[in-house]
Amino acid sequence: MGRRLLIALGGNAIKRRTEEGTTAQQLSNVAITCEQIVKLIERQGEGDRIAITHGNGPQVGNLLVQQEAGSGIVPAQAFDVVGSMSQGQIGYMFQQTLQNYLKKAGGDAADVPVVAVVNQVLVSPDDPEFLDPTKPIGNFFSREEAEELARTQGYVIDPPAGEEYREEKRTGFVIKRVLPEGSSPKPYRRVVPSPDPIANVEGGTIRSLVDQGVVVIASGGGGIPVMKENDNGELKGVFAVIDKDKAGERMAEAIDATDFLVLTDVEHAMLNYGKPDQEPVGEVGLEEAERLLAEGHFLRGSMGPKVEACIRFVKWGGRRATITSLDNAVDAIDGKTGTHIVP
Ligand code: ADP
Ligand code: MG
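Structural notes, computed from the coordinates.

Reading the values: rules and limits
Every chain is numbered on its own, with residues counted from 1 as its sequence reads. Working convention: letters from A go to chains and numbers from 1 go to ligands, in the order in which they are written. Selection of residues for local features in this predicted model requires a pLDDT of at least 70, selection of side-chain atom pairs for listing and counting requires 80 or more, and totals for whole chains, interfaces and linings are taken over all residues. Water and hydrogen atoms play no part in the side-chain values, which are based on all heavy atoms of the structure. Put simply, DSSP H or I for four residues or longer makes a helix, DSSP E for two residues or longer makes a strand, and each gets a number counted from the N terminus. Per-residue accessibility, obtained with a 1.4 Å probe over protein chains only, is compared with the maximum for each type, and a residue is labelled buried under 20%, exposed over 50%, and partly exposed between these values. Polar contacts here mean pairs of N or O atoms no more than 3.5 Å apart (in protein, one a potential hydrogen donor and the other a potential acceptor; neighbouring residues in sequence count only if both atoms are side-chain atoms). Working definition: residue near molecule or strand if any one of its non-hydrogen atoms lies within 4 Å of it. Here the Shrake-Rupley method, with its probe set to 1.4 Å, supplies the accessible areas, and only the displayed protein chains count as covering residues. Ten residues, namely Ala, Val, Leu, Ile, Met, Phe, Trp, Tyr, Cys and Pro, are considered nonpolar, four, namely Asp, Glu, Lys and Arg, are considered charged, and the remaining ones, Gly among them, are considered polar. One bridge is not enough; two strands pair if DSSP finds at least two bridges between them. Handedness rule for crossovers: strands pointing away from the viewer, path from the first strand over the helix to the second running clockwise, crossover right-handed.

Take the side chain of Thr-322 next. Structurally, Thr-322 is set in strand β17 (residues 320–325). When its relative accessible area of 5% is taken as the criterion, Thr-322 is described as buried. Here the side chain of Thr-322 touches His-340 through a polar contact of 3.0 Å, side chain to side chain.

A word on the site of ligand 1. Around ligand 1, 18 residues are found, and the nearest of them are Gly-11, Thr-264, Asp-265, Tyr-273 and Lys-306. A distance of 2.7 Å separates an oxygen atom of ligand 1 from a polar atom in the side chain of Asp-265. Residue Met-270 places a main-chain N or O atom 2.8 Å away from a nitrogen atom belonging to ligand 1. Relative to its unbound accessible surface of 570 Å², ligand 1 loses 84% to contact with the protein. Its residues assigned to classes, the shell around ligand 1 shows seven nonpolar, seven polar and four charged.

The element strand β2 (residues 49–54) is largely enclosed, with a buried count of five among its six residues. Here six bridges tie strand β1 (residues 4–9) to β2, and the two strands are oriented parallel to one another. Within the sheet, the bridge partner assigned to Leu-5 lies in β2 and is Ile-50. Between the parallel pair β1 and β2, the chain is carried across by helix α1 (residues 23–42), and the sense of this crossover is right-handed. Two strands pair when backbone bridges link them, and β2 and strand β10 (residues 215–217) are joined in this way by two bridges, in the parallel orientation. Counted as the bridge partner of Ile-52 is Ile-217 from β10.

Next comes the structure, spelled out in C-alpha cells:
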C-alpha cells in the first residue's frame, strides 16, 4: 500500500485572523492552500491517496450571528444544521478551487476527482463535556450583555461543573468568562460542549471514495456532532462542536491513513511556547510526545488537541503524524521541517 495521507487544515487556510472573511478573501486563502495541496497531489505515486479535513470556527461563528440577527424575519436554524451549512460553504470553496488548480496543473493531476462530503461524527451522551462545556464560540460580551442574555433568553453565566443546569449545558445556553478579569471590556462568550469524537458516521463511504482515488474533503469543522437516539442506532444532531484535529484523526482511521498532516500557522510545536527559552520539537517517539503533552507545553484548545490527535493516530497504527505550517507542507512531508510524532 502507498502513502494514504489525511491533511487537517487550520483556520488560516480559509481566513486570516485579521480579515473580516468576505467571500473574496476566503477564496483567495483557499487558493493559496490549494496550491500546496496540488503540489502534494502531483508528487503522489501509484496507490498514494489524499483526503482533507478543515476547521470552521470563524465561519460557523458568523453563521450563528446571521441566524440570530435574522431571526425576526426567518427562523434561526438549529446549531447542528448551522454546522452543516459551514461544511457546505467551505467544502464547496475547496472542491471548486482544487478542481480548478488540478486542471491548471494538467497531466495526470487534471483527472483527479475531488468531492466534498457533508459528514456526521458520533459522540457519546455520557461525554463529560456535556456537564462542563469548554468550547467558546461566536462573539464576545460584556458582563451587562451577558446578564441581559441571561434575563431575556435563559442563559446561565459561569455554571458549576456537574448535573446543575444540565439542560442549558446540553442546549448551548451557557456563557462563561473566558478572559481574565479586567483584561477586556467584553470577557464573556458562549461556551458549548466539545465532546470526544468516537467515529466518523460516513467513514465507510468516504473510504471507498478514497480507495477509488477521489480526493475527499470531509469532517469539516470536526464534523456534525450526532448521538444515537435509540437502540436502532437512529441519529440526532447535538448542540456541540467537535475539535477538528481530533475528528480528523478519526477520519484518518476511517480511510486507513498511513500519514496524518496537521497544517496550521506555526512551523513547529514548541517547548516552553512563548517563553525566552522556547524551542521547536522535531521528531519524537510516542512516549516522549506523551511526556511533553503531560508537562503542559501545548495549550488546551490550540496546539494541545493537535498533539493529542497525533498521539492517538500513531497509537492506532499510523506511521507518522506531522504538525507544521501550510507553506512548509511539502518540506515537512520530505522530513525537512515540522514536528513529527512516530511510533
Ligand atoms: P488551527 O486553526 O490551525 O487549529 P490554532 O490556533 O487552534 O490553529 O492552533 C495553532 C496555535 O497554537 C498557534 O498559532 C499557537 O499560537 C498555539 N500554540 C499553543 N501552544 C503551542 C506550542 N507549544 N507550540 C506552538 N504553538 C502553540
Ligand atoms: Mg485549532
